[in-house]
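Residue-level structure breakdown
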Amino acid sequence: MTKYILKRIFYLFLTLFIIASLTFFLMKLLPGTPFSNQNRMSPDQLKIVKAQYGLDQSVFVQYVRYMGGLLQGNLGTSFQFNNEPVTALIGQRLAPSMQIGAQAMVVGTVFGILLGAVAAIRKNTWADTLATFVSILGLSIPSFVLAVLLQFYLAYKWRIFPVALWDNFQSSILPTIALAALPLGTVARFMRTEMVDVMSSDYIELAKAKGNSSWKVVTKHALRNSLIPVVTIIGPMAVSVMTGSMVVENIFSIPGIGEQFVKSITTNDYPTIMGLTIFYSFLLIIVYLIVDILYGLIDPRIRLGNGGKE
Amino acid sequence: MDKILEVKDLHVDFDTYNGVVHAIRGVNFHLNAGETLAIVGESGSGKSITVRSILQLLASNATISKGEILYHGDDLLQKNAKEMDNLRGNKISMIFQDPMTSLDPTMTIGKQVAEPLLIHNNVSKKDALKRAEEVLRLVGIPNPAARMNDYPHQFSGGQRQRIVIAIAIVDYPEILIADEPTTALDVTVQAQIIDLLRELQQKIGTSIIFITHDLGVVAGIADRVAVMYAGRFVEYGSVDDIFFNPQHPYTWGLLDSMPTLDTNEDARLNSIPGTPPNLLDPPAGDAFAPRNAYAMQIDEEQQPPFFQVSKHHFAATWLLHPDAPKVTPPAGILNRYEKFKKLGGNAK
């Protein structure tokens with residue numbers, strides 16, 4: 001297992017290197033320049049500014065310089081956001097985005113599993129119908145629509161939560177719900193389908209024949225075996241929650257990182273684009289690594305290293 | 001002999017989209033302490049449903065509409081869910097057909113074998129696992145101590161069936177129900193599993209109900225045999241009674257379609273023509289009548305009662321009625337009667 005994880009970490013850096021290189025050259029192909037007032041600058045001024053940011057060099061030299069800095073953990077300074085170092089920029093804006101993203105993933109996955117399990121155990125009853133209805137709503141309502149609806153009713157009309165504020169845990173509840181709807185719906189659908197299958201399998205019948213109560217049959221045998229497809233979709237789901245969070249952050253005025261990402265692209269803020277891309281990639285690779293490790297923990301047939309003599 | 005289990009007039013119905021299927025239509029039998037009763041019949045005859053009714057492990061659309069299942073005189077059909085949980089895996093346990101799918105793929109086999117002990121007895125996890133290891137050795141898993149933490153996919157089909165058997169016997173059940181335990185295994189492994197069951201029966205003194213459609217397997221393990229057709233028993237008796245003095249034309253058909261050592265190499269194997277009746281609308285008379293070359297008018301109209309052939313041998317066919325005309329069974333069956341006489345039996 002340790003060897004496997006070390007191998008994966010090596011691949012993580014390799015992947016990051018490739019992503020950083022690709023992004024660097026693609027970014028240079030973006031039309032426009034980082035300087036919004038370029039037209040009003042004299043050629044000499046422009047030359048000075050470009051030299052200051054190292055943009056007068058050939059793209060290849062810029063690439064080598066950037067990668068050199070990256071190796072030392074230096075992501076450069078932003079062109080747009082008050083000349084701040086990109087690391088500091090990410091550092092400040094990261095916490096709120098990560099908080100609502102992680103909360104939404106946890107809430108969505110846990111409640112999705114519960115909802116799907118209830119639907120499967122009470123198959124073809126009103127509980128199943130209700131669970132299916134809720135999960136289809138979660139799947140089909142876009143997060144920004146849900147966000148606005150939650151904001152209007154729970155915050156504006158009934159005043160249970162703040163409309164758009166970022167200070168304590170309470171202010172994170174509405175954005176979390178808005179973001180959790182999609183993972184909840186997805187997980188519940190997958191969970192129900194798989195668990196219906198599992199509940200009719202031979203080993204569940206054997207578990208009953210051993211004298212397990214219905215509750216124990218579910219908790220000791222059915223749940224774990226139903227989780228495998230759910231784990232599979234956690235990775236892609238984390239991607240959509242993280243990217244989907246930008247709009248929701250905007251609606252609730254959360255000082256998250258999504259806004260910077262969009263702005264950095266429209267203004268050709270090269271160091272910020274690079275920094276955020278590398279950072280998001282790193283995060284997603286980590287999520288996939290965790291998913292792969294979870295697989296092995298849940299299903300011994302997928303376990304790596306010492307596994308599989310048939 | 002002690003009757004430890006007695007099934008009386010069992011009826012099981014299944015609710016389906018097409019209507020109610022009367023899958024079991026009045027089954028009566030008993031099980032003596034320490035014996036092996038085999039129930040044979042073709043697919044869909046109701047063998048599995050009959051034994052699953054005992055443990056009440058039926059599909060959700062099944063209802064036991066009538067009957068009694070007496071375990072030491074107590075009707076199991078009157079017990080609540082918790083009382084049934086206490087019996088399952090403890091007093092009455094079950095071995096399933098397909099060892100490839102009947103073990104939980106995500107649990108170590110040590111834990112799976114120890115599970116019934118932890119459910120039913122007040123034992124520590126450590127003691128339960130120790131006992132599981134002993135039982136795994138008993139069923140012939142090599143080096144059980146090292147393999148306790150392995151998962152089902154790390155075992156072969158035959159070994160997995162041994163593990164399933166270990167789970168069934170770990171709590172010394174009084175009754176072991178084996179639902180076609182050898183069907184999914186290849187022939188050499190089948191023989192090993194049958195030997196193992198016989199050996200275990202002697203060691204722990206359990207009674208076995210053995211379901212199969214393979215008459216060859218029956219001869220190897222059973223004390224008594226019941227032949228089942230379309231949701232009813234048609235004939236039951238000792239192994240010798242059924243194999244060498246069969247009376248019901250369906251039993252004749254089954255035995256005649258089984259190749260024996262005397263079967264000529266070039267001969268075509270016999271089969272029973274036709275298909276079993278649709279139990280959505282069960283026939284009024286003998287369900288086998290439409291496929292029966294010896295059927296009489298009354299077979300179509302009226303269900304035959306059980307006629308006693310010898311002390312423990314009964315068959316439900318009108319051919320045994322005193323007024324029935326004498327018929328000559330197929331040649332293969334007449335050969336069997338000859339053997340029965342040599343065995344000292346009193347063949348008809």
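The structure presented is a predicted model; accordingly, all values stated were derived computationally and were not measured.

Okay, the overall build of chain B next. When helices and strands are tallied, chain B shows 12 helices and 12 strands. Computed over its C-alpha atoms, the radius of gyration of chain B comes to 21 Å, within 12% of the 20 Å expected for a compact globule of 348 residues. When contacts within chain B are restricted to residue pairs at least 6 apart in sequence, long-range pairs at least 24 apart make up 66% of them.

Helices and strands together make up the secondary structure of chain A, namely 11 helices and zero strands. Starting at the N terminus and ending at the C terminus, chain A contains elements arranged as α-α-α-α-α-α-α-α-α-α-α. Sorting the 310 residues of chain A into buried and exposed places 33% on the buried side. Restricting to contacts in chain A with at least 6 residues of sequence separation, those with at least 24 account for 74%.

This next bit is on the nonpolar core. By size, the foremost hydrophobic cluster in this structure holds 133 residues, and its most contacted members are V113, A166, I209 and V227 of chain B. Split by domain, the residues of this core number at least three in each of domain 1 (3–222) and domain 2 (227–342) of chain B. Excluding its chain neighbours within four sequence positions, the residues that come into contact with I209 of chain B are L31, L37, I39, V51, I175 and I177 of chain B. If you look at the next biggest cluster of nonpolar residues, it comprises 15 residues, including Y66, I90, L276 and I278 of chain A.

A word on the UniProt feature "domain: ABC transporter" (unreviewed entry) in chain B. Sites flagged by UniProt as "domain: ABC transporter" (unreviewed entry) map to residues 5–255 of chain B. The span residues 5–255 of chain B is 39% helix and 28% strand, and its two end C-alpha atoms sit 28 Å from each other.

So, about the interface of chain A and chain B. Taken together, the contacts link 20 residues of chain A with 25 residues of chain B. Of all the elements in the fold, those that place two or more residues in the side of chain A that touches chain B are helix 8 (202–209) and helix 9 (214–251) of chain A. Top contributing element to the side of chain A that touches chain B by residue count: helix 8 of chain A, with seven residues. Residue classes in the side of chain A that touches chain B are distributed as six nonpolar, six polar and eight charged.

With that settled, consider the sheet that holds strand 2 (residues 19–32) of chain B. All names here are of chain B. Strand order in the open sheet formed by four strands is 2-1-4-5, and the pairing between neighbours is antiparallel. Because the sheet does not close on itself, it has two edges, and the strands there are strand 2 and strand 5 (74–75). Two strands pair when backbone bridges link them, and strand 1 (residues 3–16) and strand 4 (residues 62–71) are joined in this way by eight bridges, in the antiparallel orientation. In the strand pairing of strand 4, L5 is matched with Y71.

The next subject is the sheet that holds strand 8 (residues 207–212) of chain B. Where strands meet in a sheet, backbone hydrogen bonds hold them as pairs that are either parallel or antiparallel. Residues and elements named next belong to chain B. Here we have eight strands laid out as an open sheet, ordered 6-7-8-3-9-10-12-11, and mixed in their pairing. This sheet does not close on itself; its edge strands, each paired only once, are strand 6 (92–95) and strand 11 (307–310). Averaged over all adjacent pairs, the angle separating strand axes in this sheet is 20°, with direction ignored. As paired strands, strand 9 (residues 224–229) and strand 10 (residues 232–238) are joined by six bridges and run antiparallel to one another. Within the sheet, the bridge partner assigned to M228 lies in strand 10 and is F233. Against the sheet, helix 6 (residues 157–169) contacts strand 6 and strand 7 (175–179), and its axis sits at roughly 175° relative to strand 6.

Take the environment of N212 of chain A next. Residue placement: N212 of chain A occurs in the loop between helix 8 and helix 9. Each C-alpha atom of the pair N212 of chain A and P85 of chain A lies 60 Å from the other, and the pair is 127 residues apart in sequence. Sequence-distant contacts of N212 of chain A, defined by excluding residues within four places in its chain, comprise A207, V217 and K220 of chain A together with I119 of chain B.

What follows is about the pairing of strand 2 of chain B. Residues and elements named next belong to chain B. Bridge count for strand 1 against strand 2 is 11 bridges, and the pairing is antiparallel. In the strand pairing of strand 2, T16 is matched with G19. Between the end of strand 1 and the start of strand 2, which pair antiparallel, lie two residues.

This part covers the UniProt feature "transmembrane region" (unreviewed entry) in chain A. UniProt records the feature "transmembrane region" (unreviewed entry) for residues 9–30, 100–121, 133–153, 173–191, 226–248 and 278–298 of chain A in the present numbering. Taken end to end, residues 173–191 of chain A has its terminal C-alpha atoms 25 Å apart, with 100% of it in helix and 0% in strand.

This next bit is on helix 10 (residues 258–266) of chain A. Residue and element names in this part refer to chain A. Where helix 10 is concerned, the buried positions are G258, Q260, F261 and S264. For helix 10, the angular spread of the buried residues around the axis is 165°, confining them to a single face. Facing away from the buried side of helix 10 by over 90 degrees, the exposed positions are V262 and T266. One or two positions beyond helix 10, positive phi appears at N268, with a value near 55°.

A separate point is the confidence of the model for chain B. Chain-level statistics for chain B give a pLDDT mean of 91 and a share of 99% at 70 or above. With a pTM of 0.83, the predicted complex shows an ipTM of 0.87.

This brings us to the domain arrangement of chain B. All names here are of chain B. Annotation of chain B at the domain level lists domain 1 (3–222) and domain 2 (227–342). A C-alpha centroid distance of 29 Å is found between domain 1 and domain 2. The interface of domain 1 with domain 2 comprises 22 residues on the first partner and 17 residues on the second. When residues of the side of domain 1 that touches domain 2 are traced back to their parent elements, those giving at least two are strand 2, strand 3 (36–40) and helix 8 (215–221).

The next point concerns the environment of A287 of chain B. Residues and elements named next belong to chain B. Residue position: A287 is located in the loop between helix 10 (249–256) and helix 11 (297–301). It is 8.1 Å that separates the C-alpha atoms of A287 and E300, two residues lying 13 residues apart in sequence. The residues touching A287, leaving out its near neighbours within four places in the chain, are Y229, A230, R232, P277 and P282.

Another aspect to go through is the packing of helix 10 of chain B against helix 12 (residues 331–342) of chain B. All names here are of chain B. Packing of helix 10 against helix 12 leaves a shortest axis separation of 9 Å and a crossing angle of 95°. In terms of orientation, helix 10 and helix 12 fall into the roughly perpendicular class. Here helix 10 contributes W252, L255 and D256 to the contact with helix 12, which in turn contributes G332, I333 and R336.

Procedures and definitions
Residues numbered from 1 in each chain as written. Chains lettered and ligands numbered in written order. Predicted model: local features only at pLDDT ≥ 70, side-chain atom pairs only at ≥ 80, totals over all residues. Helix = DSSP H or I, 4+ residues; strand = E, 2+ residues; numbered from the N terminus. Rg over C-alpha atoms; globule rule 2.2 N^0.38 Å. Contact = placed C-beta atoms within 7 Å. Buried ≥ 20, exposed ≤ 12 C-beta atoms within 10 Å, placed from the backbone. Core = buried A, V, L, I, M, F, W, Y, C linked by C-beta atoms within 7 Å. Domains from an automatic or database assignment. UniProt positions renumbered as here; feature names shortened; annotations may be inferred. Nonpolar A, V, L, I, M, F, W, Y, C, P; charged D, E, K, R; others polar. Pairing = 2+ DSSP bridges. Axes fitted to C-alpha atoms, helices over the stretch in contact; angles between N-to-C directions. Arc of directions from axis to C-beta. pLDDT = per-residue confidence, 0-100. Parallel < 35°, antiparallel > 145°, perpendicular 65-115°, else oblique.

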